[in-house]
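This is what each chain is made of:
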Amino acid sequence: MSQRRVLIVGGVAGGASCAARLRRLDESAEIVIFERSSTVSFANCGLPYYIGGVISDRNQLLVAAPQRFSAIFNIDVRIRCKVTAVRPSEKTIEVVNLETGITTVERYDYLVLSPGAKPIRPDWPGIDLPNVFSLRNMEDMDSICAKLQTESSRRAVVIGAGFIGLETAENLARRGLVVTILEKQSQAMPTMDPEMVVAIAAEAQKNQINLRLAVEVTEIEKTSDGLAVATADGDKIPADLVIVAIGVRPDVALAGKAGIKLGSMGGIVVDEKMRTSDPNIFAVGDVVEVVDFVTQRPALIPLAGPANRQGRLAADAICGREVHYRGSQGTSIVGFFEQTLAMTGATEKSLIRAGIPFEKVYTHSANHAGYYPGAERITLKLIFSPEDGRVLGAQAFGKSGVDKRIDVIAVSIQHGATVYDLEEAELCYAPQFGSAKDATNIAGFVSGNAMRGDMPVGSWSEWFELTEKGSQPFTLDVRPSAMVAAAAIKGTTRIPMAELRSRLNELPRDREIWVHCLVGQTSYLAVRVLLQNGFRARNLSGGFTTYEAELATRKR
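About the criteria used
- Residues numbered from 1 in each chain as written.
- Predicted model: local features only at pLDDT ≥ 70, side-chain atom pairs only at ≥ 80, totals over all residues.
- Heavy atoms only, no water.
- Helix = DSSP H or I, 4+ residues; strand = E, 2+ residues; numbered from the N terminus.
- Rg over C-alpha atoms; globule rule 2.2 N^0.38 Å.
- Buried < 20%, exposed > 50% of the residue type's maximum accessible area, 1.4 Å probe, protein only.
- Contact = heavy atoms within 4.5 Å.
- Areas by Shrake-Rupley, 256 points an atom, 1.4 Å probe, with all protein chains shown as cover.
- Lys, Arg positive; Asp, Glu negative; His and termini not counted.
- Charge placed at Lys NZ, Arg CZ, Asp CG, Glu CD.
- Salt bridge = Lys/Arg side-chain N within 4 Å of Asp/Glu carboxyl O.
- Pairing = 2+ DSSP bridges.
- Phe/Tyr/Trp six-rings, centres within 6.5 Å; stacked < 30°, edge-to-face > 60°.
- Lys NZ or Arg CZ within 6 Å of the ring centre and 35° of its normal.
- Patch = residues over 30% accessible without salt bridge, like charges linked within 9 Å, V, L, I, M, F, W, Y side chains within 5 Å.
- Axes fitted to C-alpha atoms, helices over the stretch in contact; angles between N-to-C directions.
- Right-handed = clockwise from strand over helix to strand, strands pointing away.
- Expected span 1.5 Å × (residues − 1).
- Arc of directions from axis to C-beta.

> I would appreciate a short explanation of the overall build of the chain in the present structure.
In terms of regular secondary structure, the chain is built from 17 helices and 33 strands. Here the C-alpha radius of gyration of the chain, 27 Å, is about what a compact globule of 556 residues would show, namely 24 Å. Based on the C-alpha atoms only, the size of the chain along its principal axes is roughly 90 × 65 × 45 Å. Looking at the chain as a whole, 54% of its 556 residues are labelled buried. Within the chain, residue pairs in contact and separated by at least 24 positions form 64% of the contacts whose partners lie at least 6 positions apart. Looking at the chain as shown, the accessible area adds up to about 24100 Å², and 49% of this sits on carbon and sulfur atoms. Of the side-chain charges in the chain, 62 are positive and 63 negative, and the distance between the mean point of each set is 1 Å.

See the structure below:
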């Protein structure tokens, strides 16, 4: 095998994994990583938890030091070196050593671009004031921690309620700060569907975090005792430090100047081998524009898992192996105090944008056998094709076991599985770990019943739309009387399931009956009774529990 010289711009997940994989495949290759920061490979996702003290040793965040790359992998790592130009016609790059200021020109056979993404910093007045931070790298983390050591750090405003925003807010609160979260959208975690994130508001309130939605920031001001974040509605929230966490953009400056093709979403366009428009240049990680695995549309998915896989694939391709990147499906998870939220595949919002038909169901199942102490509810939304039952996406939240269910469904999506496959999935069961009918199976059963016509499904979103137009469906509540007395929906007919068979004469045969209970199980039984007695009926998926979540999204 002839010696090849591979230069990698940027480390962390994509670049570092590419370098390590290259060495395992090719002992003779000359591999050089150029990293503009002082850390070549670190745990980006752990930064908020060091700020909060959950991770106490800073060195635990360093996945691999430059010395390890050199000693174990025989890879030349040059930290504090910034690549300033790529010249594809000459197959060279220009590098500035940030410590010495010396510029050099480096030749390559193959170049891998892994510069990552840059935090979005809007041009608000005051965005560059002291104590206004982003959180993207170890240097950002160190700056925030230094500020937190001062006596004046009592109040924090976090702008953005996505992954980093929520995690940072939680950890600042853990350190005793008074925290306010401002989110421009009408929901937290905008990547998910709105009814699936209502638990965040309750969790924020329980932990004395002021979560404010649909709030637009206009300015950050310096005041006599710190900072103030001004909003479009005229409010000014005092702060000692501000964290701007409203997302990231692919860092495509190098690629753009070099004439490498960029996509409609603003990332570098790559093929299934992670090769760019130049055959000798590859790109991986947050800088690339990928294909959404479900919708087959261009997407930006800045996650560590896809970046690692892309780095490995690029190394394989450079070494002549036949590889194919399947696309990304955005499998992700966030913890916010006691709540965990996770998702995989398409959301309802993304399918509507793509014009792809779908059906959805909601289930509220225990994370393990209910009779075993400590069982907690998992709320799961499963989205599937009404044509063949193929699973398109899932979202879930709860206190325990959310990750397991979403991981199972993530693999199912990759293999084109249907809701019928979820029905048949054989999963671990012991009372402390799961149930004989796991929450994943339950989602499959409910969806399978809908596909077969055994349980026509109604959604609360559709119910609200009809009701707001003055056409509220005939709605039947089959919960026990005591439960109905505690909370009921105006305009519904109430017949407990135990009395339904004897009171069928009270129901209309000329209208479709939309049935609900607390979580959807009893109402399923009621729908079966009604259908077999000549009525038209559908089950309001997720029951009154999902109704409350949907109602909460409409009150904003």
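Back to the text.
> Quick question: what am I supposed to make of the side chain of Asp 278 here?
Mapped onto the secondary structure, Asp 278 falls in the loop between β20 (268-269) and β21 (281-283). Comment: no salt bridge for buried Asp 278; closest opposite-charge side chain is Arg 275, at 7.4 Å.

> Which parts of the structure should I look at to understand the sheet that holds strand β22 (residues 288-291)?
As a general point, the strands of a sheet are linked pairwise by backbone hydrogen bonds and lie either parallel or antiparallel. Read from one edge to the other, the open sheet built from three strands follows the order β20-β22-β23, with strand pairing classed as mixed. Each having just a single partner strand, β20 and β23 (298-299) make up the two edges of the open sheet. By the bridge criterion, two bridges tie β20 to β22 in an arrangement that is parallel. The residue of β22 that forms the bridge with Val 269 is Glu 289.

> Explain the packing of aromatic side chains here, please?
The description of an aromatic ring pair rests on the distance of the ring centres and on the angle between the ring planes. In this structure the tally under the stated criterion is eight aromatic pairs. Both rings, one in Trp 463 and one in Tyr 547, keep their centres 6.1 Å apart while their planes meet at 85°; by these two values the pair is edge-to-face. A residue pair is termed long-range when its members are at least 10 positions apart, and Trp 463 in helix α13 (residues 460-468) and Tyr 547 in helix α17 (residues 543-554) qualify at 84 residues. For the residue pair Trp 463 and Tyr 547, the accessibility class agrees, reading buried in each case. Joined through ring pairs, the aromatic side chains of Trp 460, Trp 463, Phe 464, Phe 544 and Tyr 547 make up one cluster. Over the ring of Phe 544 we find Arg 479, and its NZ or CZ is 4.3 Å from the ring centre.

> How should the pattern of salt bridges be read in this particular structure?
Oppositely charged side chains can form a pair if their charged atoms are brought close together. For the structure on display, the rule yields 35 salt bridges. We note a salt bridge from Asp 193 to Lys 381, for which the minimum N-O separation is 2.8 Å. Residue Asp 193 is located in the loop between β13 (178-183) and α6 (198-206), and its partner Lys 381 is located in strand β27 (residues 377-384); the two are separated by 188 residues in the primary sequence. By relative accessible area, which is 1% here, Asp 193 ends up buried. For Lys 381, a relative accessible area of 0% translates into the label buried. A salt bridge links Lys 236 to Glu 221, with the shortest nitrogen-to-oxygen separation between them at 3.2 Å. Here Lys 236 is found in strand β17 (residues 236-239), whereas its partner Glu 221 is found in strand β15 (residues 217-223), with 15 residues between them in sequence. Taking relative accessible area as the criterion, Glu 221 reaches 19% and is therefore assigned buried. Salt bridges here are not isolated pairs; linked through shared partners, they connect Arg 5, Glu 30, Asp 76, Arg 78 and Glu 106.

> Explanation requested: the environment of Pro 473 in the structure shown.
Mapped onto the fold, Pro 473 is located in the loop between α13 and β30 (474-477). By relative accessible area, which is 10% here, Pro 473 ends up buried. It is 9.8 Å that separates the C-alpha atoms of Pro 473 and Val 515, two residues lying 42 residues apart in sequence. Ignoring anything within four residues of it in the chain, the contact list for Pro 473 reads Trp 463, Leu 466, Thr 467, Arg 511 and Trp 514.

> Which parts of the structure should I look at to understand the pairing of strand β9 (residues 110-113)?
Two faces belong to every sheet, and in a regular strand the side chains alternate between them. Strand direction decides the pairing type here: strand β1 (residues 5-9) and β9, joined by four bridges, are parallel. Across the sheet, the residue bridging to Val 9 is Leu 113, located in β9. With three bridges joining them, β9 and β21 adopt parallel strand pairing. When the bridges of β21 are listed, Leu 113 appears paired with Ala 283.

> Where do I start with the environment of Glu 203 in this structure?
Here Glu 203 shows up in helix α6. In this structure, the C-alpha to C-alpha distance between Glu 203 and Thr 100, residues 103 residues apart in sequence, is 49 Å. In this view, Glu 203 contacts Phe 336, Phe 337, Glu 338 and Gln 339; residues no more than four positions away in its chain are not counted.

> Any chance you could explain the side chain of Thr 418 here in plain terms?
Relative to the helices and strands, Thr 418 is located in the loop between α10 (402-414) and α11 (419-424). Setting aside chain neighbours within four positions, we find Thr 418 in contact with Asp 388, Gly 389, Arg 390 and Val 391.

> Explanation requested: a nonpolar patch on the surface in the structure shown.
On the surface, Tyr 371, Tyr 372 and Tyr 429 cluster together to form a nonpolar patch covering roughly 360 Å² of accessible area. Structurally, the position occupied by Tyr 372 is in the loop between β26 (359-366) and β27.

> How do you make sense of the sheet that holds β9 when you look at a structure like this?
Pairing within the open sheet is parallel, and its five strands lie in the order β5-β2-β1-β9-β21. The outermost strands of the open sheet, each flanked by one partner alone, are β5 (76-79) and β21. Neighbour-to-neighbour, the strand axes of the sheet open up by a mean angle of 15°, direction not taken into account. In the packing of helix α8 (residues 304-318) onto the sheet, contacts are made with β1, β9 and β21, and the angle to β21 comes to roughly 160°.

> Please explain the pairing of strand β33 (residues 537-540) as it appears in this structure.
Of the strand pairs in this sheet, strand β29 (residues 457-458) and β33 are connected by two bridges, and their pairing is parallel. Of the residues in β33, the one forming a bridge with Val 457 is Asn 539. Pairing analysis gives three bridges linking strand β32 (residues 513-516) to β33, with the strands arranged parallel. Opposite Trp 514, over in β33, you have Arg 538 as the bridge partner. In this region the chain leaves β32, passes through helix α16 (residues 521-531) and returns to the parallel neighbour β33; the handedness of that crossover is right-handed.

> Before we go on, may I ask you to explain α10 in this structure?
Residue pairs three or four apart in sequence face the same way in an α-helix, which turns once every 3.6 residues. With 13 residues, α10 extends 19 Å from end C-alpha to end C-alpha; this agrees with the ideal 18 Å at 1.5 Å per step. Every buried residue of α10 is accounted for by Val 402, Arg 405, Ile 406, Ile 409, Ala 410, Ser 412 and Ile 413. For α10, the buried positions fall inside an angular range of 160° around the axis, keeping them on one side. Among the structural elements, β25 (339-345), β27, β28 (391-398), α11 and α12 (439-452) are those in contact with the buried residues of α10.

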